[in-house]
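For reference, the chains in residue letters:
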Amino acid sequence: MKQIKRIMNPIFICILAISLLLTGIPHSAIVMEAKAESVKSGNITEGLTWQYGSDGTLTIRGNGSMPDYTTVNNCYTGITTDAPWGDYLSDITKVVVSGNVNNIGKCAFSDCTSIEQVSLSSSVKEIGQSAFARCTGLKSISFPNTLVSIGEEAFRGCTGITHVIIPDSVTIIGSGTFQACTNLTDISLGKSISSIKSYTFSNCTKLANIEIPQNITSIGTYAFSLCSAISELNIP
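For every chain, the first residue of its written sequence is number 1, and the numbers climb from 1 along that sequence. With the structure being a predicted model, the display of local features is reserved for residues of pLDDT at least 70 and the display and counting of side-chain atom pairs for 80 or more, all residues being used for whole-chain, interface and lining totals. Excluded from the side-chain calculation are hydrogens and water; included are all heavy atoms of the structure.

1. Considerations on the overall build of the protein chain
Short version of the rule: A run of DSSP states H or I qualifies as a helix once it reaches four residues; a run of E qualifies as a strand once it reaches two. Both are numbered from the N-terminal end. The contact definition used throughout considers only heavy atoms, calling two residues in contact when any of these lie within 4.5 Å. Computed with a 1.4 Å probe, the accessible areas rest on the Shrake-Rupley method; for each residue, only the protein chains presented here act as cover.
When helices and strands are counted, the protein chain shows two helices and 18 strands. Put simply, 36% of the contacts in the protein chain that link residues at least 6 apart link residues at least 24 apart. Surface summary for the protein chain: the accessible area is close to 11,800 Å², and the carbon and sulfur share equals 53%.

Here it is in structure tokens:
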């Protein structure tokens, strides 16, 4: 059974606060000690490993496929995840995927709000559902020219992203992939994409420029809803 990591549980924080008042121990000292005792590396699968560095870099390396994970953002219990690097969700600033990793698992890095950079190996063919959802610190991402599919809501709520270029190797973009990327201003879609799914760019309020490929055959409901900056959309 996967271990659930809990971040910022309000009940725990209240108990901790009372304890600090009684003992006089600085809160920062407690947090630093807890982080120091957390596991900073391990196996993901038989062929994949992970390692978190003191500079904020999370490195995934090896051969094979990443599993899917579950992340829940609850106003009462905080953020919970079963990803093994869950203790560092708010500390990870860079993700490096190297070696022969086939995919990015579902919810692998969702709610990692401090991520600014992502480096993906050319072996990555698929980005799973909600893989980077709500990574609000992410400013840009470069996709490898071998990428084939981007899952539903993979970058939903990534409010720091401003520009996106989808390579021609990509054939599938899931629904809601860039939904609520409120600072996204322009995007270039690869020539191999034939369908724009529902809610793909919904609530991208600053999106003004988008290149729609010639072979687009369908556009889903609300794909561009609330995209108030678009003045003209040329559909082949």
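And the narrative resumes.
2. What to know about the sheet that holds strand β9 (residues 103-104)
Basically, it comes down to this: Any two strands with at least two DSSP-identified bridges between them are counted as paired.
Taken together, the four strands give an open sheet; going across it, the order is β9-β11-β12-β14, and neighbouring strands pair in parallel fashion. Each of the sheet's edge strands pairs with one partner strand only, and the pair in question is β9 and β14 (172-173). When β9 meets strand β11 (residues 126-127), the two strands line up parallel, connected through two bridges. Residue pairing in the sheet places Ile 104 in a bridge with Ile 127 of β11.

3. Remarks on a nonpolar patch on the surface
We count it as follows: The patches reported here contain residues having more than 30% relative accessible area and no salt bridge. Joining distances are 9 Å for like charges and 5 Å for nonpolar side chains (Val, Leu, Ile, Met, Phe, Trp, Tyr). Throughout this description, the term salt bridge denotes a Lys or Arg side-chain nitrogen within 4 Å of a carboxyl oxygen of Asp or Glu. A 1.4 Å probe rolled over the protein chains alone gives each residue an accessible area, and that area as a share of the maximum for its type sets the label: buried under 20%, exposed over 50%, partly exposed in between.
A contiguous nonpolar patch, built from Ile 219, Leu 233 and Ile 235 and spanning about 230 Å² of accessible area, is present on the exposed surface. Take Leu 233: it is sitting in the segment after β18 (218-219). Given the relative accessible area of 30%, Leu 233 is considered partly exposed.

4. Describing empty space enclosed by the protein
Let me state the cut-off plainly: For each structure, a 1 Å grid was placed over the protein atoms alone; sets of points admitting a 1.4 Å probe that cannot get out are labelled cavities, open sets with protein on both sides within 12 Å along at least five of seven lines are labelled pockets, and lining residues have an atom within 4 Å of a point. Grid points are joined across faces, edges and corners, and a volume is the space filled by probe spheres set on the points. Classes in brief: Ala, Val, Leu, Ile, Met, Phe, Trp, Tyr, Cys and Pro nonpolar; Asp, Glu, Lys and Arg charged; the others, Gly included, polar.
Considering all chains together, one arrives at one cavity of 30 Å³ or more under this definition. Looking at the largest cavity, its volume works out to about 40 Å³. If you trace the largest cavity, you find it lined by Ile 173, Leu 189, Ile 193, Ser 195, Ile 196, Lys 197, Thr 200 and Phe 201. Split into classes, the residues belonging to the lining of the largest cavity amount to five nonpolar, two polar and one charged.

5. Description of the sheet that holds strand β15 (residues 186-188)
Let me state the cut-off plainly: Lines fitted to C-alpha atoms define the axes, with helix axes restricted to the stretch in contact, and inter-axis angles between N-to-C directions lie between 0 and 180 degrees.
The sheet built from three strands is open, its strands ordered β13-β15-β17 with parallel pairing. The sheet terminates laterally at β13 (163-165) and β17 (209-211), the two strands that pair on one side only. The sheet shows a mean angle of 5° between the axes of neighbouring strands, direction not considered. Both β13 and β15 contribute to a ladder of three bridges, which runs parallel. Within β15, the position partnered with Val 164 by the bridge is Ile 187.

6. Some points on the packing of aromatic side chains
Let me state the cut-off plainly: The rule is short: rings of Phe, Tyr and Trp, with Trp giving its six-membered ring, pair when the centres are within 6.5 Å, and they are stacked under 30 degrees, edge-to-face over 60, tilted in between.
Under the definition given, this model contains 11 aromatic pairs. A centroid spacing of 5.7 Å and a plane angle of 5° characterise the contact between Phe 155 and Phe 178, whose relative ring orientation is stacked. Placement of the pair is Phe 155 in the loop between β12 (149-150) and β13 and Phe 178 in the loop between β14 and β15, with a sequence separation of 23 residues. You can call Phe 155 buried: its relative accessible area is 0%. For Phe 178, a relative accessible area of 0% corresponds to the buried category.

7. Focus on the environment of Ser 54
One can find Ser 54 in the loop between β3 (48-52) and β4 (57-64). Linking Ser 54 and Ile 92, residues 38 residues apart in sequence, is a C-alpha distance of 9.5 Å.

8. A short note on the nonpolar core
What counts here: Residues belong to a common nonpolar core when they are buried Ala, Val, Leu, Ile, Met, Phe, Trp, Tyr or Cys residues joined through side-chain atoms within 4.5 Å.
Of all hydrophobic cores here, the largest spans 59 residues; its most connected members are Trp 85, Ile 104, Phe 109, Phe 155, Ile 166 and Phe 201. Looking at this core, the elements with two or more residues in it are β3, β4, β7 (94-97) and β10 (117-120). Excluding residues within four positions of it along the chain, Phe 155 makes contact with Ile 127, Phe 132, Ala 133, Leu 138, Ile 141, Phe 143, Ile 150, Ile 161, Thr 177, Phe 178, Gln 179 and Cys 181.

9. Observations regarding the pairing of β7
In this sheet, β7 lies alongside β4 in parallel orientation, the contact comprising four bridges. If you follow Leu 58 over to β7, its bridge partner there is Val 95. Sheet topology note: the β7/β10 ladder contains four bridges and is parallel. In the sheet register, Val 96 faces β10, and the bridge partner there is Ser 119.

10. Here's the deal with unusual backbone geometry
A positive phi angle, close to 60°, is found at Arg 134, a residue other than glycine. Counting through the fold element by element, Arg 134 comes out in the loop between β11 and β12. The partly exposed category is assigned to Arg 134, whose relative accessible area is 33%. Positive phi is not limited to glycine here, since Ala 180 has a value of about 65°. Along the chain, Ala 180 turns up in the loop between β14 and β15.

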